[in-house]
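Fold and geometry: a report
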Amino acid sequence: MIVLVSLAPFIALAIILVFAIALLGSSVRVLREYDPKGPGLFLLIPVIDRMVQVDLRTITLVVPPQEIITKDNVPARVNAVAYFRVVNPVAAIVEVADFGLATLQIAQTTLRSVLGQHSLDELLSERDKINQILQKIIDEQTEPWGIKVNVVEVKDVEIPTSMQRAMARQAEAERERRAKVISAEGEYQASTKLGEAAAVISQNPIALQLRYLQTLLEISGTNNSTTILPIPIDILGALKAGKVDAE
């Protein structure tokens, strides 16, 4: 006796099991610590729920080089880097299509606008102040998207070669000016001290004789081949007085 067994129910059951396993696999998500609602397992309702993962870690945004014209009409090429993080994942997904691209465009526009309001000297010497201005403006514009901009740093400032040579000449001239000022101040201080010394010597003539002898000692010590014939200052004074009387 031959019994015919239909395999159709078993095939249908196998298909249902495979579909259920696939559906269950698509419903279970493993979230990491820096994901929203993480870490751990997260279940989705099939067909109804859809999950978009948002990284809550700090993201490094490199702003490509931008061509700018400074306030004093100097062309420059500037790049920067910004650090931001998502503090409101819902707003980052719902309020803007691509928060990373949107933040990059805001950073580029703000970089050109802010640096165009400062001179080249300010851009080179007041970097910290400009970084704070950039960070504040970009953070205010990205706040509705759930983005918090923590730091903005201007990295490199490239200027034309001719401008670099002009700045080098300016720096050299400035150093020469400082050297001349320091030399003039030294001469002024020396003349002041000499005037004070002359006032002291005029009150005590013997001090001039002592200074004269000290000078002779210094000359004899440094130039041994020089022959020195000391003449008393009193004789010089007497000769000078006789010349005055003769006149």
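As shown above, the structure is provided for reference.
Structural notes, computed from the coordinates. Being a predicted model, the structure only gives us computed values, none of them experimental.

**Quick notes on the overall build of the chain**
Counting its regular elements, the chain contains eight helices and five strands. Each helix and strand of the chain, placed in order from N terminus to C terminus, yields the pattern α-β-β-β-β-α-α-α-α-β-α-α-α. Sequence separation of 24 or more characterises 54% of the internal contacts of the chain that already satisfy a separation of 6 or more. Accessible surface, the chain: about 17,900 Å² in total, of which carbon and sulfur atoms supply 61%.

**A word on the side chain of Gln108**
Tracing the backbone shows Gln108 in helix H3 (residues 99–115). Ignoring any residue separated from it by four or fewer positions in sequence, one finds Gln108 in contact with Val63, Pro64 and Gln66.

**Details of the packing of H3 against helix H5 (residues 127–142)**
Contact pair H3 / H5: the axes reach a minimum separation of 10 Å and the direction vectors enclose 140 degrees. Judged on the interaxial angle alone, H5 and H3 are oblique. Handedness of the crossing formed by H3 with H5: right-handed. Contact residues: Thr103, Ile106, Ala107, Thr110, Leu111, Val114 and Leu115 in H3; Ile130, Ile133, Leu134, Ile137, Ile138, Gln141 and Thr142 in H5. Grouping the constituent residues of the contact of H3 with H5 by class yields ten nonpolar, four polar and no charged.

**What about a nonpolar patch on the surface?**
Nonpolar side chains collect at one region of the surface, where Val52, Val90, Ile93 and Val94 lie side by side and expose about 350 Å² of accessible area between them. By the secondary structure assignment, Val94 is in helix H2 (residues 89–94).

**Quick word on unusual backbone geometry**
Positioned with a positive phi, Asn73 is a non-glycine residue whose angle comes to about 60 degrees. Its place among the elements puts Asn73 in the loop between strand S3 (59–69) and strand S4 (75–86).

**Describing the sheet that holds S3**
Taken together, three strands build an open sheet; the order of strands is S3-S4-S5 and the sheet is antiparallel. In this open sheet, the two strands that pair with only one neighbour each are S3 and strand S5 (147–158). Going from strand to strand, the sheet's axes swing by 25 degrees on average, the running direction of each strand aside. The pairing of S3 with S4 spans nine bridges and is antiparallel. Across the sheet, residue Gln66 finds its bridge partner in S4, namely Val78. On the sheet, H3 packs against S3, S4 and S5 and is oriented at approximately 35 degrees with respect to S3.

**A word on empty space enclosed by the protein**
Over the atoms a probe the size of a water molecule is rolled, and this reveals where empty space is left. Here the structure, examined in full by the defined rule, presents one cavity of 30 Å³ or more. Computed from the structure, the largest cavity encloses a volume of approximately 50 Å³. If you go around the largest cavity, the residues you meet are Val63, Ala80, Val81, Ala82, Ala107, Leu111, Leu134, Ile138 and Val152. Contributing elements (two or more residues each) for the lining of the largest cavity: S4, H3 and H5. Considering every element that reaches the lining of the largest cavity, the biggest residue donor is S4, with three residues. For the lining of the largest cavity, the per-class residue count stands at nine nonpolar, no polar and no charged.

**Digging into the environment of Thr70**
Residue position: Thr70 is located in the loop between S3 and S4. Accessibility expressed as a relative area gives 2% for Thr70, which makes it buried. Taking the C-alpha atoms as reference, Thr70 lies 6.4 Å from Leu115; in sequence the two are 45 residues apart. If near-sequence neighbours (up to four positions away) are discounted, Thr70 is found in contact with Leu115, Gly116, His118, Ser119 and Leu120.

**Notes on the nonpolar core**
With 32 residues, the main nonpolar core has Val78 and Phe99 as its most contacted residues. Elements with a minimum of two residues in this core: S3, S4, H3, helix H4 (120–125), H5 and S5. Per element, the largest residue contribution to this core is seven residues, and it comes from H3. Those residues in contact with Val78 that sit more than four places away from it in its chain are Pro64, Pro65, Gln66, Ile68, Leu111, Leu115, Leu123, Val154, Asp156 and Val157.

Cut-offs applied
- Residues numbered from 1 in each chain as written.
- Predicted model: local features only at pLDDT ≥ 70, side-chain atom pairs only at ≥ 80, totals over all residues.
- Heavy atoms only, no water.
- Helix = DSSP H or I, 4+ residues; strand = E, 2+ residues; numbered from the N terminus.
- Contact = heavy atoms within 4.5 Å.
- Areas by Shrake-Rupley, 256 points an atom, 1.4 Å probe, with all protein chains shown as cover.
- Axes fitted to C-alpha atoms, helices over the stretch in contact; angles between N-to-C directions.
- Parallel < 35°, antiparallel > 145°, perpendicular 65-115°, else oblique.
- Left-handed = near helix turned anticlockwise from the far one by under 90°.
- Nonpolar A, V, L, I, M, F, W, Y, C, P; charged D, E, K, R; others polar.
- Patch = residues over 30% accessible without salt bridge, like charges linked within 9 Å, V, L, I, M, F, W, Y side chains within 5 Å.
- Salt bridge = Lys/Arg side-chain N within 4 Å of Asp/Glu carboxyl O.
- Pairing = 2+ DSSP bridges.
- 1 Å grid on protein atoms, 1.4 Å probe; cavity = no way out; pocket = protein on both sides within 12 Å on 5 of 7 lines; lining within 4 Å.
- Points joined across faces, edges and corners; volume = space filled by probe spheres on them.
- Buried < 20%, exposed > 50% of the residue type's maximum accessible area, 1.4 Å probe, protein only.
- Core = buried A, V, L, I, M, F, W, Y, C linked by side-chain atoms within 4.5 Å.

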